[in-house]
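Each chain is listed here by its residues.
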Amino acid sequence: MKDILRRHSVLKDEVVDIINKQVQMEAQSSAAYLAMAAWCDVRGYDNCAEFFFKQSDQEREHQMKFFKYLVDMECDAISPAVGESQHEFEKLRSVFEKALEMEIAVTDSIHDMVRLCRKVGDLATEEFLRWFVQEQIEEEYVSRRCLELFDVLGEDKIALGMIEERILDVKYDAAEG
Amino acid sequence: MSQVTSDSQQLLFETSHSSLHQCDELERYILQFKGDSIHFRACELITFKRKVQKIDLVKLLDSETPDVEIVHMPHCDRIFAFTIEDVLELKELFAGAFTMLELNSMIHRQLVRRPF
Ligand SMILES: [Fe+2]
């Protein structure tokens, strides 16, 4: 008997399910960043808004990376339903706190995926996830650095102005330089 | 139960009212269910199996909701209304058939595809 199944199904069901969940999570993050961008934009924090718009785009790219992986593997990719995002924040710092929280949740989720791949012996997906593991190190780093600006500069009007000035320069490679 | 007879068709698993065959020649799977015969490509079969597996039996037993599950099969554009018994039978069929398919994959991996 031919091994037709193997030719057409590369991923295990659990792996397909967890990737679909991640597609949803990335879509939700993208929407959440959009809400943060809007909050910043209407309050005149233009650079912070731009920062979050960029984050939103990035999350969308992550979503598509996972989605295309499923499609490429001939698996069912589910276009996600996205729920409500948080639109109200107490102050600028709260927005960045929320962003870091979100990134930590994504990191945990990616690590769970790697663990599942190891458990079921899916070496290919584990390899595919490597990029995301690295990406999350960077995302979390950037989020932390942003919050540190508040710690260092404070939160008065002048400080917020300085944060607004510097926010777009926060990058991961700053770690090496 | 088994009504499919051809050299290139192999029975994977059967239950009292259903069976699943693999046809090597067409590279299709054939589901016999309550007198119906439905052909599937591998990915269609996997999709259908996942749909059946995800049907929540407890919810189906809940008297508030109708105790049939509507399942659409886009590849043949048919809609089925499965009763609880149907769902149980299909779940059993797929559990058995996929165990056989995985076993077959293991044999291929260990013996057939191995060059030396
Ligand atoms: Fe992401």
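Fair warning: this is a prediction, and the values are worked out from it, not measured in the lab.

**Side note on the state of the cysteines**
- According to the stated counting rule, one finds 0 disulfides over all chains in the structure shown.
- Of all cysteine sulfurs in the structure, the one in A:Cys75 sits closest to A:Cys117, which takes part in no disulfide; the separation is 12 Å.
- The thiol sulfur of B:Cys23 is not disulfide-bonded, and the nearest other cysteine sulfur, from B:Cys43, lies at 16 Å.
- You can call B:Cys23 buried: its relative accessible area is 2%.

**Here we look at the UniProt feature "binding site: Fe cation" (unreviewed entry) in chain A**
Residue and element names in this part refer to chain A.
- UniProt tags Glu26, Glu59, His62, Glu103 and Gln136 as "binding site: Fe cation" (unreviewed entry). The named residues occupy 111 residues along the chain; their greatest pairwise C-alpha distance, 12.7 Å, places them in one compact cluster.
- With respect to the helices and strands, Glu103 occurs in helix H4 (residues 92–120).
- Looking at Glu103, the relative accessible area reads 1%, which means it is buried.
- Beyond its immediate chain neighbours, meaning those up to four positions away, Glu103 contacts Tyr33, Gln55, Glu59, Gln136, Glu139, Glu140 and Ser143.

**Some remarks on the coordination of the iron ion**
Residues and elements named next belong to chain A.
- Taken together, the protein ligands of the iron ion are Glu26 (OE), Glu59 (OE) and His62 (ND1), with distances of 2.1 to 2.2 Å.
- The motif formed by the donor residues of the iron ion, counted along the single chain, is E-x32-E-x2-H. Placement of the pair is Glu26 in helix H2 (residues 13–42) and His62 in helix H3 (residues 46–72), with a sequence separation of 36 residues.

**Concerning the environment of A:Arg144**
Residues and elements named next belong to chain A.
- Relative to the assigned elements, Arg144 resides in helix H5 (residues 123–153).
- Spatially, the C-alpha atom of Arg144 lies 23 Å from that of Gln63, the residues being 81 residues apart in sequence.
- The contacts of Arg144, once residues within four sequence positions are left out, are Leu100 and Ile104.

**Looking at the sheet that holds strand E1 (residues 9–14) of chain B**
All names here are of chain B.
- Across the sheet, which stays open at both edges, the 4 strands sit in the order E1-E2-E3-E4 with antiparallel pairing between neighbours. Edge strands, defined here as strands with exactly one partner in the open sheet, are E1 and strand E4 (36–40). On average, adjacent strands in this sheet sit at an angle of 25° to one another, irrespective of strand direction.
- Pairing of strand E2 (residues 18–23) with strand E3 (residues 28–33), which is carried by 6 bridges, proceeds in the antiparallel orientation. What sits directly across from Gln22, in E3, is Tyr29.
- The sheet contacts of helix H1 (residues 42–54) involve E2, E3 and E4, and relative to E4 the element is tilted by about 120°.

**Here's the deal with the interface of chain B and chain A**
- Listed as interface residues are 21 residues of chain B and, on the opposing side, 14 residues of chain A.
- Three residues, B:Asp24, B:Glu27 and B:Arg50, lead the burial of chain B against chain A; their summed loss comes to 30% of the area buried on that side.
- At the boundary of chain B and chain A, one finds 5 salt bridges.
- Residue B:Glu27 pairs with A:Lys2 through a salt bridge whose shortest N-O separation is 3.0 Å.
- Where chain B touches chain A, the interface holds 12 residue pairs in polar contact (both at pLDDT 80 or more).
- Broken down by element, the side of chain B that touches chain A gets its largest block of residues, 8 residues, from H1(B).
- Looking at side-chain class alone, the side of chain B that touches chain A contains 8 nonpolar, 7 polar and 6 charged residues.

Cut-offs used in this document
- Residues numbered from 1 in each chain as written.
- Chains lettered and ligands numbered in written order.
- Predicted model: local features only at pLDDT ≥ 70, side-chain atom pairs only at ≥ 80, totals over all residues.
- Heavy atoms only, no water.
- Disulfide = S-S within 2.5 Å.
- Buried < 20%, exposed > 50% of the residue type's maximum accessible area, 1.4 Å probe, protein only.
- UniProt positions renumbered as here; feature names shortened; annotations may be inferred.
- Helix = DSSP H or I, 4+ residues; strand = E, 2+ residues; numbered from the N terminus.
- Contact = heavy atoms within 4.5 Å.
- Donors = N, O, S within 2.8 Å, 3.2 Å for Na, K, Ca; no water.
- Pairing = 2+ DSSP bridges.
- Axes fitted to C-alpha atoms, helices over the stretch in contact; angles between N-to-C directions.
- Buried area = accessible area lost by both parts, 1.4 Å probe.
- Salt bridge = Lys/Arg side-chain N within 4 Å of Asp/Glu carboxyl O.
- Polar contact = N/O pair within 3.5 Å; in protein donor to acceptor, adjacent residues only side chain to side chain.
- Nonpolar A, V, L, I, M, F, W, Y, C, P; charged D, E, K, R; others polar.

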